[in-house]
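Structure at a glance
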Amino acid sequence: MTETSPGPSRPGSVVLDIGGDVGALIILTPAEMAGLEIHVSPLGQPETARTHAEVRERRLGPDGCHAAVYPELRDGDYTIWQDPHTPAGTVRIHGGTITSYH
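This section reports on the structure supplied with the text. Everything numeric in this text was worked out from a predicted model, so none of it was measured.

A few words now on the sheet that holds strand β3 (residues 51-54). Overall, antiparallel pairing links the four strands, which are arranged β3-β2-β6-β7 in an open sheet. Bordering the open sheet on either side are β3 and β7 (86-93), each of which pairs with just one other strand. Direction aside, neighbouring strands of the sheet carry axes that sit 30° apart on average. Across four bridges, the pairing between strand β2 (residues 37-42) and strand β6 (residues 76-83) is antiparallel. Looking at the pairing, Val40 lines up with Ile80 of β6.

See below:
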């Protein structure tokens, strides 16, 4: 079975479930990364704690960008993975806020 990548998202098509101790993460990427999955995990947690999101074109009115969106992450520090073994960076998530990473 062949998987297909969803097309660009429309404005308002992503719902962020933030508040209390839950925040969101948006990883902005180059267009060339469209269709790739980016994994994140709580800092120091085992590989099984990873979650992922697909990089998609996000249309925002007349402008757009490419991004992976994580709509619901608990407060804390997270590792962003470049590949299964290489961290690309870390980010701190705060409840009730949206954090961006480039």
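Time to look at the environment of Ala31. As for its placement among the helices and strands, Ala31 is situated in the loop between β1 (22-29) and β2. On the basis of relative accessible area, Ala31 is assigned to the partly exposed category, the value being 42%. Distance in space between the C-alpha atoms of Ala31 and Cys65 is 7.5 Å, their sequence separation being 34 residues.

What counts as what
Residues numbered from 1 in each chain as written. Predicted model: local features only at pLDDT ≥ 70, side-chain atom pairs only at ≥ 80, totals over all residues. Heavy atoms only, no water. Pairing = 2+ DSSP bridges. Helix = DSSP H or I, 4+ residues; strand = E, 2+ residues; numbered from the N terminus. Axes fitted to C-alpha atoms, helices over the stretch in contact; angles between N-to-C directions. Buried < 20%, exposed > 50% of the residue type's maximum accessible area, 1.4 Å probe, protein only.

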